[in-house]
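Fold and geometry: a report
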Amino acid sequence: MKRPVIIDCDPGTDDTIALVMAFAAEELDIKAVTTVAGNQTADKTAVNGRKIVSYLNKDVPVAQGADKPIMRPLVTAAHVHGESGMGPVVLPEASIPELEIKAWDLFYKLTVDKGEKVHLITLGPLSNVAMALMKYPSLQEGIEGITMMAGSSGYGNDTPAAEYNIYADPEAARIVFDSGIPITMVGLDCTHKALLTKEEIDSMASTPGTGAKLAQDMMNHIYGFATRFGFDGAVMHDPSAVAAVIQPELIKTEPYHVVVETKGKYTTGKTVVDVMRVTKKEPNVNVALDIDREGFVHLVKRLLKSYES
Ligand code: RIB
Ligand code: CA
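Residues numbered from 1 in each chain as written. Chains lettered and ligands numbered in written order. Predicted model: local features only at pLDDT ≥ 70, side-chain atom pairs only at ≥ 80, totals over all residues. Heavy atoms only, no water.

**A look at the packing of helix H1 (residues 13–24) against helix H12 (residues 293–305)**
Cut-off, in case you're wondering: Throughout, an axis means a line fitted to C-alpha atoms (over the contacting stretch in the case of helices), and angles, computed between N-to-C directions, take values from 0 to 180 degrees. By the criteria applied, helices consist of DSSP H or I runs no shorter than four residues and strands consist of E runs no shorter than two, each listed in order from the N terminus. Oblique is the label for any angle not under 35 degrees, not over 145, and not in the 65 to 115 range, which are roughly parallel, roughly antiparallel and roughly perpendicular in turn. Note on convention: the crossing is left-handed when the near helix lies turned anticlockwise from the far helix by less than a right angle, right-handed when the turn is clockwise. The contact criterion used throughout is that any non-hydrogen atoms of two residues lie within 4.5 Å. Throughout, the ten residues Ala, Val, Leu, Ile, Met, Phe, Trp, Tyr, Cys and Pro are labelled nonpolar, Asp, Glu, Lys and Arg are labelled charged, and all others, Gly among them, are labelled polar.
Running from amino to carboxyl end, H1 crosses H12 at an angle of 70 degrees, the nearest separation of the two axes being 9 Å. By the criterion of interaxial angle, the relationship of H1 to H12 is roughly perpendicular. Between H1 and H12 the crossing geometry is left-handed. Judged by residue contacts, Val20, Met21 and Ala24 of H1 engage Phe296, Val300, Leu303 and Leu304 from H12. Residue composition of the contact of H1 with H12, by class: seven nonpolar, no polar and no charged.

Here it is, written out as structure tokens:
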């Protein structure tokens, strides 16, 4: 039985790889892709989302969402993902139409409105999910759970305390973490171990003109950026979150109580993970602490190879 999912993202170089993987996974039934301001501005992530889905030749609605965080100005990650948000890659114009419907309305339409439950995969700031929860208090009935690339139980990557997807919209993140929807947080504890070596990237299927080549081009871009920061390979943030939904056994999680800091001068955007359970509060998040890197690489290779046929 395929798992019905909606993917909310801010493409984004690693978001692109994650989408290529997701669309190749027979385990997933992708109901929609939604885009949010984050790595680049909302108009750019929206165009990129439509271009990627068109390029992969998938008949899936792509709806645009928030053009800024719910309570603060947008801070993009253009220094990582480039002016277009797609690094060095230039895709053909999108062939799928720009939709009128907003991401949060599509969340509702595809779930509660249809009496169905969908798993939400989020790969960017949580602005769209927060907007949906504020507009549709019953949304929780339609979201079976959220697997998010976000947060960290320790250090950050956008500030010393905060991971980018949380830091970009901490107020939205607080709303989502406090919603009661089951959350698996695939954060830096996990994604910083999901590194691809140059040899592994080179060994992957790269059939020209397909998703495999697109993913490989993005991996090489990320490899160059990550190794300049001292990593021993290309950091696969968003691909780890998608892998965790396709093959949950790849990640090791622990249930903890997590709150999002929204006020701290030095700590805004920190996911405060109660590892020592000192608050005695009920856990609200399954925090990913480790990933089976070899198994992850094997999955990525399998998924990219499927573009060869
Ligand atoms: O911190 C990594 C996250 O921020 C990833 O989702 C990447 O795409 C950026 O959005
Ligand atoms: Ca992202």
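**Remarks on the layout of surface pockets**
Rules: Detection works on a 1 Å grid of protein atoms alone, calling trapped sets that fit a 1.4 Å probe cavities and calling open sets with protein on both sides within 12 Å along at least five of seven lines pockets, with lining residues defined by an atom within 4 Å of a point. Grid points are joined across faces, edges and corners, and a volume is the space filled by probe spheres set on the points.
Roughly 520 Å³ of volume is contained in the largest pocket. Around the largest pocket, the lining is made up of 25 residues, and of these Val80, His81, Asn157, Phe225 and His237 lie nearest the centre. If you list the elements that add at least two residues to the lining of the largest pocket, you get H1, helix H3 (78–81), helix H6 (164–167), helix H10 (211–228) and helix H11 (237–246). For the lining of the largest pocket, the class distribution of residues is eleven nonpolar, eight polar and six charged.

**Description of the coordination of the calcium ion (ligand 2)**
Inclusion rule: The donor set covers N, O and S atoms within 2.8 Å of the metal, switching to 3.2 Å for Na, K and Ca, and it leaves out water, so a site may look short of donors. With a 1.4 Å probe rolled over the protein chains alone, any residue whose accessible area is under 20% of its type maximum counts as buried; one over 50% counts as exposed, and the rest are partly exposed.
Donor atoms from the polypeptide that bind the calcium ion (ligand 2) are Asp10 (OD), Asp15 (OD), Asp15 (OD), Leu123 (O) and Asp238 (OD), placed at 2.2 to 2.6 Å. The sequence pattern formed by the donor residues of the calcium ion (ligand 2) is D-x4-D-x107-L-x114-D. Remark: Leu123 occurs in the loop between strand S4 (118–122) and helix H5 (127–135) and Asp15 occurs in helix H1; sequence separation between them is 108 residues. The two residues Asp15 and Leu123 agree in class, both being buried.

**Some thoughts on the sheet that holds strand S1 (residues 3–9)**
Heads up, the rule is: Any two strands with at least two DSSP bridges between them are considered paired.
A sheet is described by the order of its strands in space; here eight strands give the open sequence S3-S2-S1-S4-S5-S6-S12-S9, paired in mixed fashion. Two strands close off the open sheet at either side, each with one partner strand: strand S3 (62–64) and strand S9 (251–256). When the angles between neighbouring strand axes are averaged without regard to direction, this sheet yields 25 degrees. For strand S6 (residues 183–186) and strand S12 (residues 285–291), the ladder comprises three bridges, and the chain directions are parallel. Bridged to Met185 within S12 is Val287.

**Here's the deal with the pairing of S12**
A large share of S12 lies buried, amounting to five of its seven residues. Taken together, the six bridges between S9 and S12 define a ladder with antiparallel strand orientation. Its bridge partner being in S12, Thr253 is matched across the sheet by Ala288.

**Considering H5**
Within H5, burial applies to Ser127, Asn128, Val129, Ala130, Ala132 and Leu133. Those residues of H5 that are buried are in contact with S1, strand S2 (28–35), helix H4 (103–110), S4, strand S5 (143–149) and helix H7 (170–177).

**Let's talk about a nonpolar patch on the surface**
What counts, and what does not: Each patch is built from salt-bridge-free residues with over 30% relative accessible area, joining like charges within 9 Å and nonpolar side chains (Val, Leu, Ile, Met, Phe, Trp, Tyr) within 5 Å. Using a 1.4 Å probe, accessible areas were evaluated by the Shrake-Rupley method; residue-level cover was limited to the displayed protein chains. The term salt bridge refers to a pairing of a side-chain nitrogen on Lys or Arg with a carboxyl oxygen on Asp or Glu at a separation within 4 Å.
On the surface, Val275, Met276 and Val278 cluster together into a nonpolar patch covering about 320 Å² of accessible area. Counting through the fold element by element, Val275 comes out in the loop between strand S11 (271–273) and S12. Given the relative accessible area of 36%, Val275 is considered partly exposed.

**Here we look at empty space enclosed by the protein**
Tallied over the full model, the rule gives one cavity of 30 Å³ or more. Residue lining of the largest cavity: Thr35, Ala46, Arg50, Val62, Ala63, Gln64, Pro97, Glu98 and Leu99, and that is the complete set. Broken down by element, the residue count for the lining of the largest cavity peaks at three residues, all from S3. Here the lining of the largest cavity is composed, by residue class, of five nonpolar, two polar and two charged.

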